[in-house]
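# Observations on the three-dimensional arrangement
Below, each chain spelled out in residue letters.
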Amino acid sequence: MAKTNTTELLEALAAEIGESVYMDIAKWHLYLSNAKLHTLVAERLYPLITSNSVNEDQVLKVLQSITVKIGGGRSELPLIDLLPLQCQITLVDILEKFQRDS
């Protein structure tokens, strides 16, 4: 999976995040690709991969900084508050894999 093109790597990362990570809202699973958040999340997390600094604490900080508008924009929640623990673990695993393979 040695991708040298940054755009290709970002697209692949966004696709995998979008298909594997979801928000849990009232027991509904809204995948990040369906919520149109997968690319934003990939772009924000990509610097961790390039600097070889993927770890759970760093990932959680980034997720905390991404806000999701709810109720037609009347309120915002940090993305981390909408992701179940298993999805956070899955996300870290995906990032570690991309860091190893890039």
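Every chain is numbered independently, its residues counted from 1 as its sequence is written. Only residues with pLDDT of at least 70 get local features here, since the model is predicted, and only at 80 or more are side-chain atom pairs given and counted; chain-wide, interface and lining totals rely on the full set of residues. Heavy atoms throughout the structure, all of them, feed into the side-chain values; hydrogens and water do not.

With that settled, consider the packing of helix H2 (residues 38-50) against helix H4 (residues 85-101). The contact between H2 and H4 brings their axes to 9 Å, and the two run at 50 degrees. The orientation of H2 with respect to H4, classified from their angle, is oblique. Classified by chirality, the crossing of H4 by H2 is right-handed. Contacts from Leu45, Leu48 and Ile49 of H2 reach H4 at Leu91, Leu95, Phe98 and Gln99. Of the residues that constitute the contact of H2 with H4, the class distribution is six nonpolar, one polar and no charged. Geometry is summarised by axes, namely lines fitted to C-alpha atoms with helices restricted to the contacting stretch, and by angles between N-to-C directions that run from 0 to 180 degrees. Counting from the N terminus, the helices are DSSP H or I runs at least four residues long and the strands are E runs at least two residues long. Convention used here: angles under 35 degrees read as roughly parallel, angles over 145 as roughly antiparallel, angles from 65 to 115 as roughly perpendicular, and any remaining angle as oblique. Crossings are assigned a handedness: left-handed for a near helix turned anticlockwise from the far helix by less than a right angle, right-handed for a clockwise turn. Contacts are residue-level and defined by heavy atoms, with any inter-residue pair within 4.5 Å sufficient. Amino acid classes used here: Ala, Val, Leu, Ile, Met, Phe, Trp, Tyr, Cys and Pro are nonpolar; Asp, Glu, Lys and Arg are charged; the rest, including Gly, are polar.

Mapped onto the elements of the fold, glutamine 88 is located in helix H4. Owing to a relative accessible area of 13%, glutamine 88 belongs among the buried residues under this scheme. Think of it in three bands: with a 1.4 Å probe and only protein chains considered, a residue is buried below 20% of the maximum accessible area for its type, exposed above 50%, and partly exposed in between.

Only buried residues count toward a nonpolar core. Its members are Ala, Val, Leu, Ile, Met, Phe, Trp, Tyr and Cys residues joined through side-chain atoms within 4.5 Å. The biggest cluster of nonpolar side chains holds 31 residues, and the ones touching the most others in it are Ile17, Leu32, Val59 and Leu79. The set of elements that each furnish at least two residues to this core consists of helix H1 (6-20), strand S1 (22-25), H2, helix H3 (56-65) and H4. If we ignore the near neighbours within four places in the chain, the residues touching leucine 32 are Ile17, Gly18, Val21, Tyr22, Met23, Leu37, His38, Val41, Leu79 and Leu83.

Let us now look at the pattern of salt bridges. One speaks of a salt bridge when a side-chain nitrogen belonging to Lys or Arg is within 4 Å of a carboxyl oxygen belonging to Asp or Glu. Applying the stated criterion to the full structure yields one salt bridge. Note that glutamate 16 is salt-bridged to lysine 97, the shortest N-O span being 2.9 Å. On the criterion of sequence distance, the pair formed by glutamate 16 in helix H1 and lysine 97 in helix H4 is long-range, its members being 81 residues apart. A residue is classified by how much of its surface remains accessible, and glutamate 16, at 24% relative accessible area, is partly exposed. By relative accessible area, lysine 97 is classed as partly exposed at 25%.

The quantities given are spatial measurements derived from coordinates; they are silent on function.
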